[in-house]
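Take a look at the letters that make up each chain.
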Amino acid sequence: MTIARATISRRSFLGHSYSLMGVVAALVILAWTLVAILAPYIIPHSIGDIVDDDYFGPMRQGLWLGSDYLGRDMLSRVLMGARYTVGISLAAVSIACFSGVVLGMIAAVTGGWLDTCLSRFLDAMNSIPSKLFGLVVVAAVGSSIPVLILTLAVIYIPGAYRFARALAVNINTMDFMTVARVRGENTIYLIGSEILPNIIRPVLADFGLRFVFIVLLLSGLSFLGLGLQPPLADWGALVRENIGGLPFAASAVIVPSLAIASLTISVNLLIDNLPQKIRDRDA
């Protein structure tokens, strides 16, 4: 009976079996992605407009998520906050994973002094506490969107490099790599045609995990006042600026917190419920 229930709870799509939990998580992620893309066109008020005479106003018609500490519409600010949170995090994780994976594959295939130098340098970078590094850089340079993206990307490049290099080293010892070298294939061919197709699935799973880490780090920096500056705000900044409403259980501080939780938990659940053929490095 347990087996029957487990079978019913999974659905087949494109040759893979997906659990209900994974499908729900994917729908939540898709919903926030659409909100991030369409936010400027669907917000009912400008994010800087004061539309309520009261601060931390309750949820009501016209202000579906209440108002913040200045009387601005929280629904509009949360929707635009999704654009900044998802956009900055996605850009940063894309740069980090692309750079780390490319460097990791090059180091694994080339070996020698290049592998040693890259590994030691990135190990040194990885030893610096991520939040401390982010605080120092953003406080010194500023908290513009390009600075935030590059800072977050630099923080997570070493981890992506170590993960990709570990996968690539295993592939590099296999017989088909020896055959390709005997044929006289160059490094670019070995990386693009032999190694990358064999590590792409676990790399994509790692991409999702690093996206979660970056969302949380960005929210932490914003909560400390080093994220986007007013009137722009990601979800972490919304929590910080409305923290005074916590004793009143104001939606202005609760809703952004729930938004962060829903996105990060959904990404984790999606990765945990991916089919084994996608998650396993040997699939």
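Residues numbered from 1 in each chain as written. Predicted model: local features only at pLDDT ≥ 70, side-chain atom pairs only at ≥ 80, totals over all residues. Heavy atoms only, no water.

1. A few points about the overall build of the protein chain
So, point 1. From N to C terminus, the protein chain includes eleven helices and two strands.
So, point 2. Walking the protein chain from its N terminus toward its C terminus, one meets helices and strands in the order α-β-β-α-α-α-α-α-α-α-α-α-α.
So, point 3. Over its C-alpha atoms, taken along the principal directions, the protein chain stretches across nearly 75 × 60 × 30 Å.
So, point 4. Residues counted as buried form 43% of the 283 residues belonging to the protein chain. (Helix = DSSP H or I, 4+ residues; strand = E, 2+ residues; numbered from the N terminus. Buried < 20%, exposed > 50% of the residue type's maximum accessible area, 1.4 Å probe, protein only.)

2. Side note on the nonpolar core
Note that soluble globular proteins tend to have their nonpolar side chains buried in a common cluster.
So, point 1. Trp 32, Val 78, Ile 88, Leu 152, Trp 235, Leu 263 and Val 267 are the most contacted members of the largest nonpolar core, which totals 54 residues.
So, point 2. Contributions of two or more residues to this core are made by α2 (20-42), α3 (74-110), α4 (112-126), α6 (145-172), α8 (187-223), α9 (235-241) and α10 (251-272).
So, point 3. Examining the composition of this core, we find that 13 residues originate from one element, α3, more than from any other.
So, point 4. Listed in part, the 15 residues of the second largest apolar core include Val 109, Leu 190, Ile 191 and Val 203. (Core = buried A, V, L, I, M, F, W, Y, C linked by side-chain atoms within 4.5 Å.)

3. What about the UniProt feature "transmembrane region" (unreviewed entry) in the protein chain?
So, point 1. In this numbering, the UniProt entry assigns the feature "transmembrane region" (unreviewed entry) to residues 20-43, 84-113, 133-157, 207-228 and 248-271.
So, point 2. Secondary structure content for residues 20-43 is 96% helix and 0% strand, and the end C-alpha separation is 31 Å.
So, point 3. Between the end C-alpha atoms of residues 248-271 the distance is 36 Å, and the span holds 88% helix and 0% strand. (UniProt positions renumbered as here; feature names shortened; annotations may be inferred.)

4. Some details on unusual backbone geometry
So, point 1. The phi dihedral of Phe 56 falls on the positive side, at around 50 degrees, and the residue is not glycine.
So, point 2. By the secondary structure assignment, Phe 56 is in the loop between α2 and α3.
So, point 3. We classify Phe 56 as buried; its relative accessible area is 17%.

5. Topic: α4
So, point 1. Across its 15 residues, α4 extends 21 Å between first and last C-alpha, which sits within 8% of the 21 Å expected from 1.5 Å per residue.
So, point 2. In this fold, the buried residues of α4 make contact with α3 and α6. (Expected span 1.5 Å × (residues − 1). Contact = heavy atoms within 4.5 Å.)

6. Digging into the environment of Phe 56
So, point 1. Distance in space between the C-alpha atoms of Phe 56 and Val 136 is 33 Å, their sequence separation being 80 residues.
So, point 2. Setting aside anything within four residues of it in sequence, one finds Phe 56 in contact with Ser 67, Asp 68, Tyr 69, Asn 242, Gly 244, Gly 245, Phe 248, Ala 250 and Ala 252.

7. Points about the UniProt feature "domain: ABC transmembrane type-1" (unreviewed entry) in the protein chain
So, point 1. Here, the residues flagged by UniProt with the feature "domain: ABC transmembrane type-1" (unreviewed entry) are residues 82-271.
So, point 2. A helix fraction of 83% and a strand fraction of 0% characterise residues 82-271, whose end C-alpha atoms lie 21 Å from each other.

8. Details of the confidence of the model for the protein chain
So, point 1. In this model, the protein chain carries a mean pLDDT of 85, and residues with pLDDT of at least 70 account for 90%.
So, point 2. Mean pLDDT across the elements of the protein chain bottoms out in helix α1 (residues 2-8) (40) and peaks in α3 (93).
So, point 3. Taken together, the stretch residues 1-9 has pLDDT below 50 and engages in three contacts with residues farther than four places along the chain or on a different chain. (pLDDT = per-residue confidence, 0-100.)

9. Regarding the pattern of salt bridges
So, point 1. Here the structure, examined in full by the defined rule, presents eleven salt bridges.
So, point 2. Between Asp 68 and Arg 72 there is a salt bridge, with the nearest N and O atoms lying 2.8 Å from each other.
So, point 3. For Asp 68, a relative accessible area of 0% corresponds to the buried category.
So, point 4. Judged by relative accessible area, Arg 72 falls into the buried class, the value being 6%.
So, point 5. Connected via shared salt-bridge partners are Asp 68, Arg 72, Arg 77 and Glu 241. (Salt bridge = Lys/Arg side-chain N within 4 Å of Asp/Glu carboxyl O.)

10. Re a nonpolar patch on the surface
So, point 1. Taken together, the side chains of Leu 20, Val 23, Val 24, Leu 27, Leu 30, Leu 34, Ile 37, Leu 38, Tyr 41 and Ile 42 make up a nonpolar region of the molecular surface, amounting to roughly 980 Å² of accessible area.
So, point 2. Positionally, Tyr 41 belongs in helix α2.
So, point 3. Overall, the relative accessible area of 70% leaves Tyr 41 in the exposed class. (Patch = residues over 30% accessible without salt bridge, like charges linked within 9 Å, V, L, I, M, F, W, Y side chains within 5 Å. Areas by Shrake-Rupley, 256 points an atom, 1.4 Å probe, with all protein chains shown as cover.)

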